[in-house]
Amino acid sequence: MQLADKTWQDILMHPSAKKFETKLQSHTENEGSRWNWLWLALVVMAFLRGTAVFIAELLGNRIVGSRIALSVALADRLGLNLDLVQVVAFSSSPVLGAAIMFVGLLVFTPVIILLGYRTAYGLAKLTGGEGDFKQQSFLLNSIFSPILILAGLLGFLGRSGDILMVALIFYTAVPAFHALQAVHKITRAKIIISLFISYFLVLIGLWFVSSII
């Protein structure tokens, strides 16, 4: 199965609860909740973002001063007898920047995703939702797998890509809304509240990650 077949492309571009309900009916135990596809998309996204950082730093289009200052301060705090020139050269290396981005995304992104999923699920169940977490994951993972890859590609656009990334994040609330509606069968108001809180926590998590990598 592809990360986004024609059916899913139609759902993402023209989402509706009815389309998600139809897709949910095709869900089988053998398909699971598509976690493997999500993790694969996450690795691809981290690789693309890491590559974008490497190119940007190689061309001098990305500021690395804060990373250099942190490395120098850390070496001084630990009392390491290192050549300052070598510390600066290592800290400003595009390879290091790419590695930090790649590893950082692989470590923090799953935590942020699970935080959003669990928050939405918990609030939906608290307000009378009928669906289970596997059904919710099946639909949401199918939404966010191609979105993650697109997020990786946007990394090559620099600040313009960051702006488009914010717009993309807000857009995902639309299919996510219909997906939750199809799974949990609760009112629009309850879904909006669940999504608002979930996305608020996710945005805080993304801000935290962006500030350290």
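Residues numbered from 1 in each chain as written. Predicted model: local features only at pLDDT ≥ 70, side-chain atom pairs only at ≥ 80, totals over all residues. Heavy atoms only, no water.

### Some details on the overall build of the protein chain
- Across its full length, the protein chain carries 10 helices and zero strands.
- Of the regular secondary structure in the protein chain, the N- to C-terminal order runs α-α-α-α-α-α-α-α-α-α.
- For the protein chain, the proportion of its 213 residues judged to be buried stands at 44%.
- In the protein chain, once contacts between residues fewer than 6 apart in sequence are set aside, the share between residues at least 24 apart is 78%.
- As displayed, the protein chain offers around 11900 Å² of accessible surface, 69% of which is attributable to carbon and sulfur atoms. (Helix = DSSP H or I, 4+ residues; strand = E, 2+ residues; numbered from the N terminus. Buried < 20%, exposed > 50% of the residue type's maximum accessible area, 1.4 Å probe, protein only. Contact = heavy atoms within 4.5 Å. Areas by Shrake-Rupley, 256 points an atom, 1.4 Å probe, with all protein chains shown as cover.)

### Looking at unusual backbone geometry
- Positive phi outside glycine occurs at Lys185, with the angle close to 55°.
- By secondary structure assignment, the location of Lys185 is in the loop between α9 (173–184) and α10 (188–212).
- Of the residues examined, Lys185 reaches a relative accessible area of 43% and is grouped as partly exposed.

### Topic: the nonpolar core
- Leu139 and Phe144 are the most contacted members of the largest nonpolar core, which has 44 residues in total.
- Sorting the residues of this core by element identifies α1 (6–13), α2 (17–25), α3 (35–58), α6 (94–126), α7 (133–154), α8 (159–171), α9 and α10 as the ones contributing at least two each.
- For this core, the leading source of residues is α7, giving 10 residues. (Core = buried A, V, L, I, M, F, W, Y, C linked by side-chain atoms within 4.5 Å.)

### Side note on a nonpolar patch on the surface
- Taken together, the side chains of Phe54, Ile55, Leu58, Leu59, Val95, Leu150, Leu153 and Phe156 define a hydrophobic patch exposed on the protein surface, amounting to about 730 Å² of accessible area.
- Elements with a minimum of two residues in the nonpolar patch: α3 and α7.
- Take Val95: it is sitting in helix α6.
- Under the relative-accessibility criterion, Val95 is labelled exposed at 53%. (Patch = residues over 30% accessible without salt bridge, like charges linked within 9 Å, V, L, I, M, F, W, Y side chains within 5 Å. Salt bridge = Lys/Arg side-chain N within 4 Å of Asp/Glu carboxyl O.)

### Here's the deal with α7
- Between its first and last C-alpha atoms α7 spans 30 Å; for 22 residues at 1.5 Å apiece the expected length is 32 Å, and the two agree.
- Counting buried residues in α7 gives 17 out of 22 residues, a clear majority hidden from the surface.
- Of the residues that open α7, the one with a side-chain oxygen 3.2 Å from the backbone nitrogen of Lys134 is Asp132. (Expected span 1.5 Å × (residues − 1). Polar contact = N/O pair within 3.5 Å; in protein donor to acceptor, adjacent residues only side chain to side chain.)

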